[in-house]
Structure formats: C-alpha cells, structure tokens
Amino acid sequence: MKLLSKIALFLALFLCFEKTNAQNLPPNLFCVRNDGANNIVLNWNTPTAFCGIFIRYEIYASIGSKAGPYNLVLSVLTVGTTTTALNIANSDSVFVFMKTVQNCGGVVSSISSDTADNSKERPPFVPFEVVTSVNIGNFLKWTPSTFPEVTGYLIFSSSNNFSTPIATVNGRATDNYLDLSAKPDSGFTVYKLRALVACDTLQGALSIEPHNTMFLRNLSSNRCENTYKFRWIKYNNYAEGVKEYQVLVKKGLAATFTLDSILPASDSTYNLIVNEDSINVCVKIIAILNGGLEKSATNEVCFLSDVLPKPEKAFIQRVSVENDNSITLEYGIDTIAKYKLVEVNRATKIIDLRRIGATDITSTILPTPPTEYLVFKDINNPLPQKESYYYQFNTFDSCDREFLTGTARSILLEFDEKTLNSGTFNWNPFEIKNGKVISYDFNKYIDTTIIQSTNITLTTINSFNVSQIFDPNVDTVQNICYKVIANYRLITPTNDTLFLSSSSNRVCMTPTPKAFVPNAFNPVGATVIGANSYLRPNLVFAKKSAPFEFLVFNRYGERVFESNQPIEFWNGVYQGVPAPMDTYIWHLKFTGIDGIEYIRKGVSTLIR
C-alpha cells in the first residue's frame, strides 16, 4: 500500500512538472540600453501564459562577457511591470536575461528569457528566402532575425523608390508578408527588408541583396508560325542562384497549369507554340531556386489565341476519268485553313510527281458543309486511255506554308482481244491515300446508258473476261463501251468516313459487221475432233434481207458450191460425189446492217 502511494505521488509530481514546463513562459526581453545616468534600462513584455501563481521576475546580469558569470541583480515582484533600471557601474557592456518564477501546483518553476545586451550593434540585414507574384499581390518570405532586440520588420519597395516603409510587420519570428498593394500584371517590384528594434531609434541594416518579383509579358505573336514570344524579368540576388525556369501553360477550360518546357537559368525569352485557334491560353514562368524548395512565379499572362492553322487536313478524295477523256479531281478542303494557292501534281510514276497546273483560290468562295470539296479538271493533255496517272495536291496557305496531300491513282482499262468477238479487260488497282476498295463495277454502255453491269467484290482480281463483246440479238451499230468503277471507303484526316467511287477510261468498240468462215471442215463429222462438218459463213451484224452470195472453188477454178441464202452450206459433195480432201477457195459477199456491202475471200481445207 505504501508503494502504491509513492507511485501515485511520483506521477502527480511528474504531471505537474510537465504542466509547469508547458505553461510557464519567460518574459520577452526586447530592449537593454543605457539611459545616460549610469543606469541600464530594461524593457520587456509580460509572459503570454502562466502555469500557476506568479512569484517574481528575476534579473541576472553579466558585465563584460556574454558567457558569464551571471548574478541575480534584481527581483521584480509585480507581474504587470514591463520596465526597470539597473544601477550598474562601468556598464559599457552588460548582458542580461530574465526569469519568471511561479508556483505551479506546489512546484516552484522558472524559465529563462533570451540574453540581451546594451551594445549599439545594429542587427544584421535580414536575408530574403523568396519573393514571388501571386494572383492577388506579391508574397515575400525571409529568414527571421536572431537578434533578441528585434520586434518586427520594415518592408521597403521600389514602388516609392524605397523612401518610406510600405509596411511594418510585428513579431521577430514572423517570416512572411503579402503585399496586396502590388500589381503583378503591371511590372516587377524590388523589395528591401530591415529589422525593427523597438527600444530606441537604432534599426537593423537594410537588405544589401534586394529581391525582385519576376515580370512576364508577351512581346509579339506570329500567326503564320503559330508562336507567341514571351520575355520576363529574371529573378535576382538569390544566394544560391536560379537552377532553371519552368514554363507553365493552361489552355481552354483546363483547371490547372501544365509544364510546357524547362529552360536554363540564362534564358529570359520563350516562343510558345499554339496550334489551336480562338482558345484561352494562360502562361506563367516559375524560377526553381538552387539549394532549397523555394520557387518564384511571374504574373500570369492570358490571351485569346489567334493563329492560322496549317492546311494539314486537306486530302485528295477522287480521281475519275470522264467520257470525254478528261480527268476530274476532287480536293477535300481543310475548313479551318486560309487558302492561297492549290497546285496539281501529276505523273505516271509516283516518284516523278510534278506540277502541271495551279489555281489561285484567294478569291474563291469555298464550299460549305456538307460539300467541303473543290473540283478540278485535268485538261493538261492527259491520255487516260493509254496511261494511269498519279495525282497529288500541293496547298499553300496565306502564310505561304506548303502542305502535300496523299496521292491517288487513276484507273486505266485496257482490252486484250482473243477472237473477233471476245477478249479480256484488264485494269490497274485503284489507289488512294487512306482509302480501301470495296468492289468494282464492270459496266457495259450504249452511249451513257448502262445495259449490263457486274459487281466484283473480290478486289484482288483486276480483270474480266467477256465471251461476247457484241450481241447481235441486242446490240446495234452504235458503239459498245465498257468502263470499270471503283467503289471505295475513304477515311479523312478528321476521321470521317466517306463512301465514294471513281471510274476508269471507257473502252469503246464499233460493232462492225463481220463474217466468220471455218479454216477447215470435215463432212463426215467425228473423224476429226472439233472440225466442222460443213462449210458456211457465220455472219454478225449482217442485213438478213439483203443480197447474199457464197461461192466455193476447187484448185482448178471449178465452182463446186454456190448459195444465195445465209443458212445454206456446202456438205463437201460435188456433182453427187464426195469431193477429195484438198484446199478450197471461197468468195463471200454480204450487206451489213450499216448498209455497206462487204466482200471477203479466203480458203478452207476439206478433211477426210
């Protein structure tokens, strides 16, 4: 039981001691000076907290040495007293500190103040840590003075040529001030700082290294290069120097600034590139200081961008051969660019592209959505029935900046005749930047009317076999024409999808009346595979009611067969007897549906 009582008493005393140290504060001794009558006058502020009952102030002094020894020279019994005089001889150099003695719950406690002296030494200058602009003014931060006599700070500014303080900041431990009178957007400000000593007119040294705010301004802009040039007043007199400058930018509706570039400490200009037109842009520069975490910021400069976007979203969307053998080109415009000149480049090989013409479109009324393209005609002697051409647009804007579109290639359709009425059509694949062919339409025309169309979805096949070029039961003496149309999907630079078509040249053939007579025939039929069993001309586009004559002669000039009817034929019999195997001469005369009389001659071999 006695042990528990001792423990409780110990804990009580410990807690009381902790409370005493936490709440028992010394007086703030801020002034020790000679009064001219061989007295040392002291000034202090009463403690801001007491742990218990005030007993006295104790004043200790040491003559000639701050290291001591110190002796108790006076006790002050009134708590509200804030000044007293010490009668000390030879008082040229007296060092003094004070204690507050209190009874804190039965425990007598005392804590010493800072040591002060009566010397005339001026407090040293107060070093700045950083000066920076903020949205509402300029923010100053410094290292507090260690001089106990310092009671505050005087702040001077270049705004009044440092003639009088612009502010007095109380408290030796205070380390910052916000100058709300400053106007960061109007220019830079230089600041100086001086420690304030309250007990006499002696003040601290004025800052020998004044610090200035940085000031940012927009010098110029270049709409053609989309640049804005900025210059700033650099941060000066920081002891460790500036490490780097950071360029921060905020665009549009962005809530925060982002880092745009890091520049060396030697730089004081920057060219900002802004490619977006008519957006709000804000810029500020941050000085990163060496040897610490401090930063200094300039004012913010905000503006509405005014740039000329490059015509980078222009594109070629169509290359199509017309019926008159001209070539139509469609140029998808960049709707936000300012155009000056559009050139057309052409070549049969993509590496040889060169200018063939130009159009000044400064006064051209550009199309509006949903059209958004210009139509050009290549009239510079193209030969689309003989060549496939690569095309490309070369655009110049009002700043003479050049931009090349992708390329597109026209379709050349060619005919490879196999017989007089059949053959194969071949064409080169249609090519266009960011486009993909979906299918080809192979069309047959009379004039401009499609009379037959075949859709080819296997786009790797670029040929089509036609077994009957002319159909005498349907076709007339008018031209028969064929054309290939490429159907394709195009992705534009703005990621829109277009479904378009481009056509080839037309291959046209006149259905000239023709006669097909076999080179050999076998009257007995199957002894020779594939041989005809009779001799008769096969007429195409012949007039049925017109005069017709088919004569066959042997090598001796004897007429072995004669007919005036197109449906009649020679079966290889002459004068009731099978004619011998030999070569026979034939003579044909017929009238075409065009009204022209045609005469054909040839030989055929009779095979036995």
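Think of each chain on its own: its residues are numbered from 1, step by step along the sequence as written. Since the coordinates come from a predicted model, pLDDT governs what is reported: local features require at least 70, and pairs of side-chain atoms require 80 or more to be given and counted, while whole-chain, interface and lining totals use all residues. To get the side-chain values, take all heavy atoms of the structure and skip hydrogens and water.

Undergrad: Where do I start with the overall build of the protein chain in this structure?
TA: Each helix is a run of H or I in the DSSP string that is no shorter than four residues. Each strand is a run of E no shorter than two, and both are numbered from the N terminus. For the protein chain, the count of helices and strands is 1 helix and 48 strands. The contacts of the protein chain with a sequence gap of at least 6 include a subset with a gap of at least 24, amounting to 61%. Residue contacts are defined here by distance: any two heavy atoms, one from each residue, within 4.5 Å place the two residues in contact.

Undergrad: It is not clear to me how the packing of aromatic side chains should be interpreted in this structure. Could you clarify?
TA: Geometrically, a pair of aromatic rings is defined through the distance of the ring centres and the angle of the planes. In summary, the pairing rule links any two rings of Phe, Tyr or Trp, Trp by its six-membered ring, whose centres are within 6.5 Å, and it sorts them by plane angle into stacked for under 30 degrees, edge-to-face for over 60 and tilted for everything else. Considering all chains together, one arrives at 28 aromatic pairs under this definition. Each ring, one from Phe 425 and one from Tyr 482, has its centre 4.6 Å from the other, and the planes form 40°; the classification is tilted. Of the two residues, Phe 425 is situated in strand β32 (residues 422-427) and Tyr 482 in strand β37 (residues 480-491); the sequence distance between them amounts to 57 residues. Buried means the residue's accessible area, taken with a 1.4 Å probe over protein chains only, is under 20% of the maximum for its type, while exposed means over 50%, and partly exposed covers the values in between. We classify Phe 425 as buried; its relative accessible area is 0%.

Undergrad: I tried to follow the nonpolar core on my own but got confused; where do I start?
TA: The nonpolar side chains of soluble globular proteins are, as a tendency, buried together. Of all hydrophobic cores here, the largest spans 43 residues; its most connected members are Tyr 331, Phe 425, Tyr 440 and Tyr 482. For this core, the leading source of residues is β37, giving 6 residues. Excluding its chain neighbours within four sequence positions, the residues that come into contact with Phe 425 are Leu 413, Glu 414, Phe 415, Phe 442, Asn 462, Ser 463, Phe 464, Val 466, Ile 469, Tyr 482, Val 507 and Met 509. Side-chain atoms within 4.5 Å are what join buried Ala, Val, Leu, Ile, Met, Phe, Trp, Tyr and Cys residues into a set we call a nonpolar core.

Undergrad: Looking at this structure, I do not really get unusual backbone geometry. What am I missing?
TA: For residues besides glycine, phi is generally negative; the peptide bonds are generally trans as well. In this structure, Pro 69 follows Gly 68 across a cis peptide bond, with omega equal to 5°. Despite not being glycine, Asn 226 has its phi angle at roughly 60°, a positive value. Overall, the relative accessible area of 3% leaves Asn 226 in the buried class. Positive phi values are uncommon outside glycine, yet Ser 278 reaches one of about 60°.

Undergrad: What's the story with the sheet that holds strand β31 (residues 413-419) in this structure? I'm lost.
TA: The strands making up a sheet associate through hydrogen bonds between their backbones, and the pairing can be parallel or antiparallel. In short, DSSP must find at least two bridges between two strands for them to pair. A sheet is described by the order of its strands in space; here 3 strands give the open sequence β31-β32-β36, paired in antiparallel fashion. The open sheet is flanked by β31 and β36 (463-466), the only strands paired with a single partner. Mean inter-strand twist for the sheet, computed between neighbouring axes without regard to direction, equals 20°. The pairing of β31 with β32 spans 6 bridges and is antiparallel. Paired with Leu 413 across the strands is Trp 427, a residue of β32. Axis angles are defined between N-to-C directions and span 0 to 180 degrees, where every axis is a line fitted to C-alpha atoms and, for a helix, only to the segment in contact.

Undergrad: How should the environment of Val 190 be read in this particular structure?
TA: Mapped onto the elements of the fold, Val 190 is located in strand β14 (residues 190-197). Judged by its relative accessible area of 18%, Val 190 falls in the buried class. For the pair Val 190 and Asn 212, spaced 22 residues apart in the sequence, the C-alpha separation amounts to 4.0 Å. Apart from the residues within four sequence positions on either side, Val 190 is in contact with Phe 156, Ser 157, Ser 158, Phe 162, Pro 210, His 211 and Asn 212.

Undergrad: Teacher, can you tell me more about the pattern of salt bridges here?
TA: Close approach of charged atoms allows side chains of opposite charge to pair. Salt bridge, as used here, is a side-chain nitrogen of Lys or Arg placed within 4 Å of a carboxyl oxygen of Asp or Glu. For the structure shown, the criterion picks out 14 salt bridges. With a closest N to O distance of 3.1 Å, Asp 114 and Arg 172 form a salt bridge. One end of the pair, Asp 114, is in the loop between β7 (107-112) and β8 (116-117); the other, Arg 172, is in the loop between β12 (167-170) and β13 (176-179), with 58 residues separating them in the sequence. Assessed through its relative accessible area of 43%, Asp 114 is described here as partly exposed. Via salt bridges that share partners, Glu 129, Lys 141 and Glu 294 belong to a single interconnected network.

Undergrad: Looking at this model, I keep getting lost on a nonpolar patch on the surface. Mind explaining?
TA: On the surface, Val 134, Ile 136, Leu 178 and Leu 180 cluster together into a nonpolar patch covering about 340 Å² of accessible area. Among the structural elements, Leu 178 can be located in strand β13. We classify Leu 178 as partly exposed; its relative accessible area is 32%. Patch membership is restricted to residues that have no salt bridge and whose relative accessible area is over 30%. Joining uses 9 Å for like charges and 5 Å for the nonpolar side chains Val, Leu, Ile, Met, Phe, Trp and Tyr. Areas reported as accessible are Shrake-Rupley estimates using a 1.4 Å probe. Residue values count occlusion only from the protein chains shown.

Undergrad: Is there a simple way to explain the state of the cysteines in this structure?
TA: Simply put, the disulfide is a covalent bond whose two ends are the sulfur atoms of two cysteines. Criterion for a disulfide: a pair of cysteine sulfur atoms at a distance within 2.5 Å. Here the structure, examined in full by the defined rule, presents 4 disulfides. Each sulfur of the disulfide joining Cys 481 and Cys 508 lies 1.9 Å from the other. Between Cys 481 and Cys 508, the S-S dihedral sits near 110°, and the bridge is therefore right-handed. Here the residue Cys 481 occupies a position in strand β37, and Cys 508 occupies one in strand β39 (residues 507-509), the gap between them amounting to 27 residues. Using a relative accessible area of 37% as the deciding quantity, one classes Cys 508 as partly exposed.

Undergrad: Sorry if this is basic, but what is going on with the side chain of Ser 504 here?
TA: For Ser 504, the location among the structural elements is in the loop between β38 (497-503) and β39. Owing to a relative accessible area of 0%, Ser 504 belongs among the buried residues under this scheme. Contact partners of Ser 504, with chain neighbours within four places excluded, come to Val 321, Ile 411, Leu 413, Lys 483 and Val 484.

Undergrad: Whenever I open this one, the pairing of strand β20 (residues 269-273) confuses me. Can you help?
TA: On any regular strand, side chains alternate: one points to one face of the sheet, the next to the other face. What you see with β20 is a clean split: Tyr 270 and Leu 272 sit on the buried side and Thr 269, Asn 271 and Ile 273 on the side with no burial. The pairing of strand β17 (residues 227-232) with β20 spans 5 bridges and is classified as antiparallel. In the strand pairing of β20, Phe 230 is matched with Tyr 270.

Undergrad: I keep staring at the sheet that holds β20 and nothing clicks. Help me out?
TA: Taken in spatial order, the 3 strands make up an open sheet running β16-β17-β20, and their pairing is antiparallel. Lying at the two open borders of the sheet, with one neighbouring strand each, are β16 (216-222) and β20. Averaged over all neighbouring strand pairs, the angle between strand axes comes to 25°, with direction disregarded.

Undergrad: Please explain the pairing of strand β2 (residues 39-45) as it appears in this structure.
TA: Taken across its 7 residues, β2 has 6 buried, putting it largely inside the fold. Pairing of strand β1 (residues 28-34) with β2, which is carried by 6 bridges, proceeds in the antiparallel orientation. From the neighbouring strand, Leu 29 faces β2, where its bridge partner is Trp 44. Both β2 and strand β5 (residues 83-87) contribute to a ladder of 5 bridges, which runs antiparallel. The residue of β5 that forms the bridge with Leu 42 is Thr 84.

Undergrad: Just checking my understanding: could you explain the environment of Asn 222 for this structure?
TA: As for its position among the elements, Asn 222 is in strand β16. By relative accessible area, which is 30% here, Asn 222 ends up partly exposed. Sequence separation of Asn 222 and Ile 273 is 51 residues, and the distance between their C-alpha atoms is 9.6 Å. Between N or O atoms, a polar contact is any pair within 3.5 Å; within protein, one atom must be a potential hydrogen donor and the other a potential acceptor, and residues adjacent in sequence are included only when both atoms are from side chains. Looking at Asn 222, its side chain comes within polar contact range of the main-chain nitrogen of Glu 225, at 3.0 Å.

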